[in-house]
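# Examination of the molecular architecture
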Amino acid sequence: MRIDLHCHSTASDGTDGPAELVRAAAAAGLDVVALTDHDTTRGYAEAIAALPRGLTLVTGAELSCRVDGVSMHMLAYLFDPEEPALLAERELVRDDRVPRAQGMIAKLNELGVPVSWEQVARIAGDGSVGRPHVATALVELGVVPSVGDAFTQDWLADGGRAFVEKHETDPFEAIRLVKGAGGVTVFAHPAAAKRGRTVPESTIAELAAAGLDGIEVDHMDHDEDTRVRLRGLAADLGLLVTGSSDYHGSRKTVALGEYTTHPDVYGEITRRATGAFPVPGTGGA
Ligand code: AMP
Ligand code: ZN
Ligand code: FE
Ligand code: FE
């Protein structure tokens, strides 16, 4: 069984539509794929309608969180997408992304970059708008050679010249909300230092005590030493260990299924979840 529990579609900042994503997942030989767009569930219906036979879809989202001034991402799986409290918080975060992107555009204009909201909105389409869309605009304008090159202190990295914060959920609140909606939580790429400051182990211990289910260990942003350390931490704290591609289509170099999750861990996640069931593919539209 090959299981990839973290993928983005055009519902947020991936470049494959949800239908394209599940077809690509099947073509990549995956048995299970999770759709985890940033702060939104709007890709589910299209992914389910297109789901190929033999591929199972895990519904999820990647929630934008912040603790002690440090931004972090919380993967949430198999929660009830209609549950009102979690839905309201997702909408708050997602809606705040628009004025925030406009704020980053204003800062870029002050820096002499002729990017416009119309350009970024076109790139984002109906996906929840984020820095990768602004970064794509910078690539189009020839300001930087690649999306990754926009994530520096000169441009869009945390604290960078054109960076603006967005509303982000306290992760303890996120755990409470996801559990309230029957879901399971996994701290995404907890030691991805190239993205900025990371959460200390003491906080991960507190999150574990508050009901965090697991941490994502096998991820392209973790080197081998980091993975060893995180595996030890997970064992100490009784946390599940996942691995996943964090696929973003052509906005990142990683391939679907490049990192995977052990079937036993996947089984445990599905046993703990009560908000939704994995969806078996029936052939697709
Ligand atoms: P946002 O949620 O709008 O703040 O954008 C965060 C997203 O930007 C992350 O989910 C990544 O997909 C992407 N990102 C963050 N840091 C980097 C980086 N150093 N290089 C490339 N992409 C990044
Ligand atoms: Zn993303
Ligand atoms: Fe993330
Ligand atoms: Fe992600």
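So, here's what we can say about the structure. Keep in mind that this is a model prediction, so the values were computed, not measured. (Residues numbered from 1 in each chain as written. Chains lettered and ligands numbered in written order. Predicted model: local features only at pLDDT ≥ 70, side-chain atom pairs only at ≥ 80, totals over all residues. Heavy atoms only, no water.)

## Looking at the nonpolar core
One finds Val22, Val33, Leu63, Met72, Phe187, Leu212 and Ile215 to be the most contacted residues of the largest nonpolar core, which totals 44 residues. Membership of the second largest hydrophobic core comes to 20 residues, among which are Ile105, Val129, Ala137 and Ala162. (Core = buried A, V, L, I, M, F, W, Y, C linked by side-chain atoms within 4.5 Å. Buried < 20%, exposed > 50% of the residue type's maximum accessible area, 1.4 Å probe, protein only.)

## Examining the packing of helix H4 (residues 117-124) against helix H5 (residues 131-140)
Remark: H4 packs on H5, axes separated minimally by 9 Å, with the N-to-C direction vectors making an angle of 115°. Judged on the interaxial angle alone, H5 and H4 are roughly perpendicular. The interaxial crossing formed by H4 with H5 has right-handed handedness. Where H4 abuts H5, its residues Gln119, Val120, Arg122, Ile123 and Ala124 lie against His133, Val134, Thr136, Ala137 and Glu140. When its residues are assigned to classes, the contact of H4 with H5 shows five nonpolar, three polar and two charged. (Axes fitted to C-alpha atoms, helices over the stretch in contact; angles between N-to-C directions. Helix = DSSP H or I, 4+ residues; strand = E, 2+ residues; numbered from the N terminus. Parallel < 35°, antiparallel > 145°, perpendicular 65-115°, else oblique. Left-handed = near helix turned anticlockwise from the far one by under 90°. Contact = heavy atoms within 4.5 Å. Nonpolar A, V, L, I, M, F, W, Y, C, P; charged D, E, K, R; others polar.)

## Some details on the coordination of the zinc ion (ligand 2)
All of the protein donors around the zinc ion (ligand 2) are Asp13 (OD), Asp13 (OD), His38 (NE2) and His248 (NE2); their distances to the metal are 1.9 to 2.5 Å. Each of the four donor atoms bound to the zinc ion (ligand 2) contributes to angles spanning 52 to 140°, and the resulting shape is irregular. In the primary sequence, the donor residues of the zinc ion (ligand 2) line up as D-x24-H-x209-H. Between the zinc ion (ligand 2) and the iron ion (ligand 3), the interatomic distance is 5.7 Å. Here Asp13 is found in the loop between strand E1 (3-4) and helix H1 (18-27), whereas its partner His38 is found in the loop between strand E2 (32-35) and helix H2 (44-50), with 25 residues between them in sequence. Among the residues examined, Asp13 registers a relative accessible area of 5% and is labelled buried. With a relative accessible area of 8%, His38 lands in the buried category. (Donors = N, O, S within 2.8 Å, 3.2 Å for Na, K, Ca; no water. Tetrahedral: all angles 85-135°; square planar, octahedral: opposite > 155°, others 65-115°.)

## Considering the pairing of strand E5 (residues 184-187)
Residues Val184 and Val186 of E5 are buried on one face, and the alternating residues Thr185 and Phe187, pointing to the opposite face, are buried as well. As paired strands, strand E4 (residues 70-77) and E5 are joined by four bridges and run antiparallel to one another. By the bridge assignment for E5, Ala76 is matched with Thr185. As judged from the two bridges shared by E5 and strand E6 (residues 214-218), these two strands associate in the parallel manner. (Pairing = 2+ DSSP bridges.)

## Considering the site of ligand 1
Taken together, 15 residues form the shell around ligand 1, and within it His38, Arg97, Arg100, Arg131 and His248 come nearest. Interatomic distance of 2.8 Å between a side-chain N/O atom of Arg100 and an oxygen atom of ligand 1. Here an oxygen atom of ligand 1 and a backbone polar atom of Arg131 are 2.8 Å apart. Coverage of ligand 1 by the protein amounts to 92% of the 500 Å² it exposes when considered alone. The cavity that encloses ligand 1 is the largest pocket. Every element with two or more residues in the shell around ligand 1 is listed here: helix H3 (84-110) and H5. (Near = heavy atom within 4 Å. Polar contact = N/O pair within 3.5 Å; in protein donor to acceptor, adjacent residues only side chain to side chain. Areas by Shrake-Rupley, 256 points an atom, 1.4 Å probe, with all protein chains shown as cover. 1 Å grid on protein atoms, 1.4 Å probe; cavity = no way out; pocket = protein on both sides within 12 Å on 5 of 7 lines; lining within 4 Å. Sits in = over half its atoms within 2 Å of the grid points.)

## Comments concerning the pattern of salt bridges
In the structure shown here, the tally under the stated rule is 20 salt bridges. Measuring nitrogen to oxygen at the nearest pair gives 2.8 Å for the salt bridge that ties Glu140 to Arg122. Placement of the pair is Glu140 in helix H5 and Arg122 in helix H4, with a sequence separation of 18 residues. Since its relative accessible area comes to 44%, Glu140 is described here as partly exposed. A salt bridge links Arg272 to Glu268, with the shortest nitrogen-to-oxygen separation between them at 2.9 Å. One end of the pair, Arg272, and the other, Glu268, are both in helix H9 (residues 263-272), four residues apart, so they sit about a helical turn from each other. Judged by relative accessible area, which is 34%, Arg272 ranks as partly exposed. By relative accessible area, which is 24% here, Glu268 ends up partly exposed. (Salt bridge = Lys/Arg side-chain N within 4 Å of Asp/Glu carboxyl O.)

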